[in-house]
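The residues making up each chain are set out below.
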Amino acid sequence: NMNYEQAQKESLKVKWKASPCHQGEECWCRIIEPVEPIIYDEDEEYYIVGSASIPKLEAEHLVELHNRSL
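Structural notes, computed from the coordinates. All values derive from a computational prediction rather than experimental measurement.

Conventions and cut-offs
- Residues take numbers from 1 onward in each chain, read along the sequence in its written order.
- Totals for whole chains, interfaces and linings use every residue, but because this is a predicted model, local features are given only for residues with pLDDT of at least 70 and side-chain atom pairs only at 80 or more, for both listing and counting.
- No hydrogens and no water enter the side-chain calculation; it runs on all heavy atoms of the structure.
- Note on terminology: disulfide denotes any pair of cysteine sulfur atoms within 2.5 Å.
- Throughout this description, buried means an accessible area under 20% of the type-specific maximum (1.4 Å probe, protein chains only), exposed means over 50%, and partly exposed covers the range between.
- Helix numbering and strand numbering both begin at the N terminus, where a helix is a DSSP run of H or I of at least 4 residues and a strand a DSSP run of E of at least 2.
- By salt bridge we mean one thing: a side-chain nitrogen of Lys or Arg within 4 Å of a carboxyl oxygen of Asp or Glu.
- Note that patches include only residues with greater than 30% relative accessible area and no salt bridge, and the join distances are 9 Å for like charges and 5 Å for nonpolar side chains (Val, Leu, Ile, Met, Phe, Trp, Tyr).
- The method behind every accessible area is Shrake-Rupley, applied with a 1.4 Å probe, and residues are considered shielded solely by the protein chains displayed.
- Charge assignment in this entry is limited to Lys and Arg as positive and Asp and Glu as negative, and neither His nor the chain termini are counted.
- By convention, the charge on Lys lies at NZ, on Arg at CZ, on Asp at CG and on Glu at CD.

## Considering the state of the cysteines
By definition, a disulfide links the sulfur atoms of two cysteine residues through a covalent bond.
Then, in step 1: One pass over the full model with this rule turns up zero disulfides.
Then, in step 2: Cys21 takes part in no disulfide bond, and the closest cysteine sulfur, belonging to Cys27, lies 3.6 Å away.
Then, in step 3: The class for Cys21 is buried, based on a relative accessible area of 8%.
Then, in step 4: For Cys29, which is in no disulfide, the shortest distance to another cysteine sulfur is to Cys21 and amounts to 3.8 Å.

Next comes the structure, spelled out in structure tokens:
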């Protein structure tokens, strides 16, 4: 099992996606997460950016830039 720091490093090597938060598609924010979930400390899922932290447009732009850089 990996720890938080290992999950963080692994996240920089994989594709990301911008997903709606629990409020749904109409919400202003997006979650940025790995396309394939990264689990650390047995059952915690690693998120690059959590909900209510970044607007949809900027999140989608960051995801596009990151994925293009891989």
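Next comes the rest of the description.
## Section: the environment of Ser51
Then, in step 1: By the secondary structure assignment, Ser51 is in the loop between strand 4 (44-45) and helix 2 (56-69).
Then, in step 2: For Ser51, a relative accessible area of 35% puts it in the partly exposed group.

## Description of the pattern of salt bridges
Then, in step 1: Under the defined criterion, the tally for this structure stands at two salt bridges.
Then, in step 2: A salt bridge links Arg30 to Glu25, with the shortest nitrogen-to-oxygen separation between them at 3.3 Å.
Then, in step 3: A residue is classified by how much of its surface remains accessible, and Arg30, at 2% relative accessible area, is buried.
Then, in step 4: One salt bridge in this structure joins Glu64 and Arg68, with 2.5 Å as the shortest N-O distance.

## Quick word on a negative patch on the surface
Then, in step 1: A cluster of acidic residues, Glu5, Asp41, Glu42, Asp43 and Glu44, forms a negative patch at the surface.
Then, in step 2: Assessed through its relative accessible area of 47%, Glu5 is described here as partly exposed.

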